[in-house]
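Here are the chains, one letter per residue:
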Amino acid sequence: MAQIAYLGPAGTFTEQATRSLTGDFDAELVPCETVPLALAAVRSGAVLAAGVPVENSVEGSVPATLDALTVDEPLVAVQEALLPVQFDLLVRPGTELGTIRTVASHPHALAQVRGWLAENLPDAEVRATSSTAAGAAAVAAGEFDAAISAPVALEHYPSLQRLVGGIADVCDAVTRFLLVRRPGKLPEPTGADRTSLCAVISDEVGALADLLAELSLRGINLSRIESRPIKDRFGEYRFFLDFDGHVADARIGDALTALRRRCSTVRFLGSYPKADRAPAAVRPTASEQAFRASAQWVEDVRAGRLA
């Protein structure tokens, strides 16, 4: 049976998302303490793939994932999942809301329920843990009174019970997760795909505008762009880009060719079906047919077949 790593421990949203990402094949899920460790297990061949969080609609990107994808051997995303993020307040049996004095969870989770805590547990002391599941484990061990955790945590800590469910300051918050593998055969294009890459551009006036123009000229919709510092080169940054389309699409391949020429480095991070399956909106001049027809015209010109 294939082994799939994920950002653990067991009982986190990442485990829940990785289950959905691997639902179409048998896999044993293996928790890893950090995202770099999960990706290192993929690079070494110890596991087939890894499920990792990449961005949250409230807290933004997950820096540990972005940074870990840019070092060592390349890895590519082959699938994504969007998981609604609502938390449970887990307690030991007999605990009531009015008796809770300490609440534990991961800092990202605490940030997403700050308003709820202020309204419902204003006097409780908030404690940060390494994960939402670690908070649940600490409550089970008697270290804290309550934990803000993913619903799946109850499966791993049956001694706890749900006191309040569906907690979220932003009711429609979601987190995007990626299933990441070593390079190989890519998922087939579906017409509703996303391509991700990381680029380092030259320190010149207009360099970023030129990069974005390559996408705009080909009618490519940019859905996300973000910069992260290159840790050993102060003042220099990597740009992470997500855009609609698959590397097998003529317009995407043409754009990547141009970006490879313009950028100091480009790391391809994958082309994969979008979780929402929303088709890419492509104007007629950027369609596959238009690209094929223009490419054929150039071949005819080069071959002297002018009409």
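Scroll up for the structure.
Residues numbered from 1 in each chain as written. Predicted model: local features only at pLDDT ≥ 70, side-chain atom pairs only at ≥ 80, totals over all residues. Heavy atoms only, no water.

Chemist: Tell me what's going on with the sheet that holds strand 13 (residues 222–229), and back it up with residues and numbers.
Modeler: Sheet architecture is open: four strands sit in the order 13-14-12-15, paired in antiparallel fashion. Strands at the two margins of the open sheet, each flanked by one partner only, are strand 13 and strand 15 (265–273). Going across the sheet, the axis of each strand differs from the next one's by a mean of 15°, ignoring polarity. Sitting on the sheet, helix 9 (residues 250–262) touches strand 12 (193–200), strand 14 (237–244) and strand 15, and the angle it makes with strand 14 is about 170°. (Pairing = 2+ DSSP bridges. Helix = DSSP H or I, 4+ residues; strand = E, 2+ residues; numbered from the N terminus. Axes fitted to C-alpha atoms, helices over the stretch in contact; angles between N-to-C directions. Contact = heavy atoms within 4.5 Å.)

Chemist: Account for helix 9, with residues named and values stated.
Modeler: When the terminal C-alpha atoms of helix 9 are compared, their 19 Å separation across 13 residues agrees well with the 18 Å that a helix rising 1.5 Å per residue should span. Buried residues of helix 9: Arg251, Ile252, Ala255, Leu256, Ala258 and Leu259, and no others. End-on, the buried residues of helix 9 take up no more than an arc of 165°, which puts them together on one face. Turned more than 90 degrees off the buried face of helix 9, the exposed positions are Arg260 and Arg261. (Expected span 1.5 Å × (residues − 1). Buried < 20%, exposed > 50% of the residue type's maximum accessible area, 1.4 Å probe, protein only. Arc of directions from axis to C-beta.)

Chemist: Break down the sheet that holds strand 8 (residues 125–128) for me, citing the residues and quoting the values.
Modeler: What holds strands together in a sheet is hydrogen bonding between their backbones, with the strands either parallel or antiparallel. Strand order in the open sheet formed by five strands is 8-7-9-6-10, and the pairing between neighbours is mixed. The open sheet terminates on both sides in strands that have one partner only, identified here as strand 8 and strand 10 (161–167). Within the sheet, the average angular offset between the axes of one strand and its neighbour, ignoring direction, is 25°. In this sheet, strand 9 (residues 146–149) lies alongside strand 6 (residues 87–91) in antiparallel orientation, the contact comprising four bridges. Across the sheet, Asp88 pairs through a bridge with Ser149, a residue of strand 9.

Chemist: Pulling in residues and values, what's your account of the side chain of Asp193?
Modeler: Tracing the sequence through the fold places Asp193 in strand 12. Of the buried charged residues, Asp193 lacks a salt bridge, with Arg277 as the closest side chain of opposite charge at 7.6 Å. Here the side chain of Asp193 touches Thr190 through a polar contact of 2.8 Å, landing on its backbone nitrogen. Sequence-distant contacts of Asp193, defined by excluding residues within four places in its chain, comprise Glu188, Phe243, Asp244, Gly245, His246, Tyr272, Pro273 and Lys274. (Lys, Arg positive; Asp, Glu negative; His and termini not counted. Salt bridge = Lys/Arg side-chain N within 4 Å of Asp/Glu carboxyl O. Polar contact = N/O pair within 3.5 Å; in protein donor to acceptor, adjacent residues only side chain to side chain.)

Chemist: Give me the pattern of salt bridges: which residues, what numbers.
Modeler: A side chain with one charge may pair with a side chain of the opposite charge, provided their charged atoms come close. Throughout the structure, instances matching the rule amount to 21 salt bridges. Linking Arg92 and Asp145 is a salt bridge whose minimum nitrogen-to-oxygen distance equals 4.0 Å. Highlighted residues: Arg92 in the loop between strand 6 and strand 7 (102–105) and Asp145 in the loop between helix 6 (132–140) and strand 9, separated in sequence by 53 residues. Arg92 gets classed as partly exposed once you look at its relative accessible area, which sits at 25%. For Asp242, the salt bridge goes to Arg224, with nearest N and O atoms at 3.0 Å. Highlighted residues: Asp242 in strand 14 and Arg224 in strand 13, separated in sequence by 18 residues. Note on accessibility: Asp242 and Arg224 belong to one class, buried. Put simply, Glu55, Glu80, Arg176, Arg194, Arg224, Glu226 and Asp242 are held in one network by salt bridges that share partners.

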